[in-house]
Amino acid sequence: EDQVTQSPEALRLQEGESSSLNCSYTVSGLRGLFWYRQDPGKGPEFLFTLYSAGEEKEKERLKATLTKKESFLHITAPKPEDSATYLCAGSKGNTPLVFGKGTRLSVIA
Amino acid sequence: DTAVSQTPKYLVTQMGNDKSIKCEQNLGHDTMYWYKQDSKKFLKIMFSYNNKELIINETVPNRFSPKSPDKAHLNLHINSLELGDSAVYFCASSQAGGITEAFFGQGTRLTVV
């Protein structure tokens, strides 16, 4: 069965304390790995798509990387406004996204 | 201009009632979805439509019936609501099935009492 597993479930950081979120997947024939941000009471907001191992994408303090078995979302010098739940999802290309359970990130000032 | 919009945002209803959630996208996408997010925030696919045709129907009770009158709309009708149906329901759309990113609506929080 296709699965996406995220760790840790929750992460508490001090402002400026860099860290990484992990997403491991067992999706046979993975065509794309997606990262989303979800704020309370809102829908997931698209951040990145990664299509092949070795690919990296950056946006402000976030950088997403992909290997053959997992993806990381690196957060550099986070700010309180980065607090959210970060969701990872995999796709085979002809099927809907399969989501992980998310990592709840809290950044304390 | 909202890309994917759902109505209503909140829905409180009694067990046994029938209710509908509406979704519209103005992105010109071919594929639309319904996802359910449970109390533990886990997002799970319910239905996938491509050009008004049902492509995927995950293990969802047949009390749930999606209807797509045209490519830009995908509504969700729920019969005989049960307590366990309480969740947040998200509509989403994407350009090319699962290979491109999906854009999500703001969600409908359904509470069955």
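In this report, we go over the structure that sits alongside the text. Only a predicted model underlies this, so the values are computations on that prediction, with no experimental measurement involved. (Residues numbered from 1 in each chain as written. Chains lettered and ligands numbered in written order. Predicted model: local features only at pLDDT ≥ 70, side-chain atom pairs only at ≥ 80, totals over all residues. Heavy atoms only, no water.)

### Overview of the pattern of salt bridges
We count it as follows: We define a salt bridge as a side-chain nitrogen of Lys or Arg found within 4 Å of a carboxyl oxygen belonging to Asp or Glu. Type-normalised accessible area, obtained with a 1.4 Å probe on protein chains alone, sets the label of each residue: buried when under 20%, exposed when over 50%, and partly exposed for intermediate values.
Summed over the entire model, instances satisfying the criterion amount to eight salt bridges over all chains. In this structure, Lys-63 of chain A engages Glu-56 of chain A in a salt bridge whose closest nitrogen and oxygen atoms are separated by 3.7 Å. With a relative accessible area of 27%, Lys-63 of chain A lands in the partly exposed category. Salt bridges sharing partners connect three or more residues here, namely Arg-63, Glu-82 and Asp-85 of chain B.

### Notes on empty space enclosed by the protein
Residues and elements named next belong to chain B. Filter applied, for reference: Lining residues are defined by having an atom within 4 Å of a point belonging to a cavity or pocket. Those points lie on a 1 Å grid over the protein atoms alone, cavities being sets where a 1.4 Å probe fits but cannot get out and pockets being open sets with protein on both sides within 12 Å along at least five of seven lines. Grid points are joined across faces, edges and corners, and a volume is the space filled by probe spheres set on the points. Where helices and strands are cited, they refer to DSSP runs of H or I of at least four residues and of E of at least two residues respectively, numbered from the N terminus. Throughout this entry, Asp, Glu, Lys and Arg are counted as charged residues, while Ala, Val, Leu, Ile, Met, Phe, Trp, Tyr, Cys and Pro are counted as nonpolar. The remaining residues, Gly among them, count as polar.
Inspection of the entire model under this criterion finds one cavity of 30 Å³ or more. Estimates place the volume of the largest cavity at around 30 Å³. What lines the largest cavity is simply Asp-30, Met-32, Tyr-49, Asn-50, Asn-51, Lys-52, Ser-68, Asp-70 and Lys-71. Elements that contribute at least two residues to the lining of the largest cavity include exactly strand 5 (43–50) and strand 7 (64–70). The class makeup of the residues in the lining of the largest cavity is two nonpolar, three polar and four charged.

### Brief notes about the packing of aromatic side chains
Note the threshold: Between 30 and 60 degrees the pair is tilted, below 30 it is stacked and above 60 it is edge-to-face, where a pair is any two Phe, Tyr or Trp rings, Trp via its six-membered ring, whose centres lie within 6.5 Å. Counting as a charge over the ring demands two things of the Lys NZ or Arg CZ atom: a distance within 6 Å of the ring centre and an angle within 35 degrees of the ring normal.
Going through the model one piece at a time under the given rule, you end up with nine aromatic pairs over all chains. For the pair Phe-99 of chain A and Tyr-35 of chain B, a centre-to-centre distance of 5.6 Å together with 90 degrees between the ring planes defines the contact as edge-to-face. You can see Phe-99 of chain A sitting in strand 10 (residues 98–99) and its partner Tyr-35 of chain B sitting in strand 4 (residues 31–37), one on each of two chains. Ring centres of Phe-90 of chain B and Phe-104 of chain B lie 6.3 Å apart, and the angle between their planes is 80 degrees; on these two criteria the pair is classed as edge-to-face. Here Phe-90 of chain B, found in strand 9 (residues 87–94), pairs with Phe-104 of chain B, found in strand 10 (residues 103–104); they are 14 residues apart in sequence, far enough to count as distant. Linked through ring pairs, Tyr-36, Phe-46 and Phe-99 of chain A together with Tyr-33, Tyr-35, Phe-90 and Phe-104 of chain B together constitute an aromatic cluster. Above the face of the Phe-42 of chain B ring, Lys-101 of chain A is positioned so that its terminal group lies 5.6 Å from the ring centre.

### A few points about the state of the cysteines
For the record, the criterion: Any two cysteine sulfur atoms lying within 2.5 Å of each other are counted as a disulfide.
Scanning the entire structure with this criterion turns up two disulfides over all chains. Paired through a disulfide, Cys-23 of chain A and Cys-88 of chain A show a sulfur-sulfur distance of 1.9 Å. The sign of the S-S torsion, about -60 degrees, decides the handedness of the disulfide formed by Cys-23 of chain A and Cys-88 of chain A: left-handed. Taken together, the positions of Cys-23 of chain A in strand 3 (residues 19–26) and Cys-88 of chain A in strand 9 (residues 84–91) put the pair 65 residues apart, joining distant regions of the chain. Classification of Cys-23 of chain A as buried rests on a relative accessible area of 0%. Bridging Cys-23 of chain B to Cys-91 of chain B, the disulfide has an S-S length of 1.8 Å. Classification of the bridge connecting Cys-23 of chain B and Cys-91 of chain B rests on its S-S torsion, roughly -75 degrees, and on that basis the disulfide is left-handed. Taken together, the residues Cys-23 of chain B in strand 3 (residues 19–25) and Cys-91 of chain B in strand 9 connect sequence positions 68 residues apart. Each member of the pair, Cys-23 of chain B as well as Cys-91 of chain B, carries the same accessibility label: buried.

Don't take any of this as a statement about function, it's just geometry.
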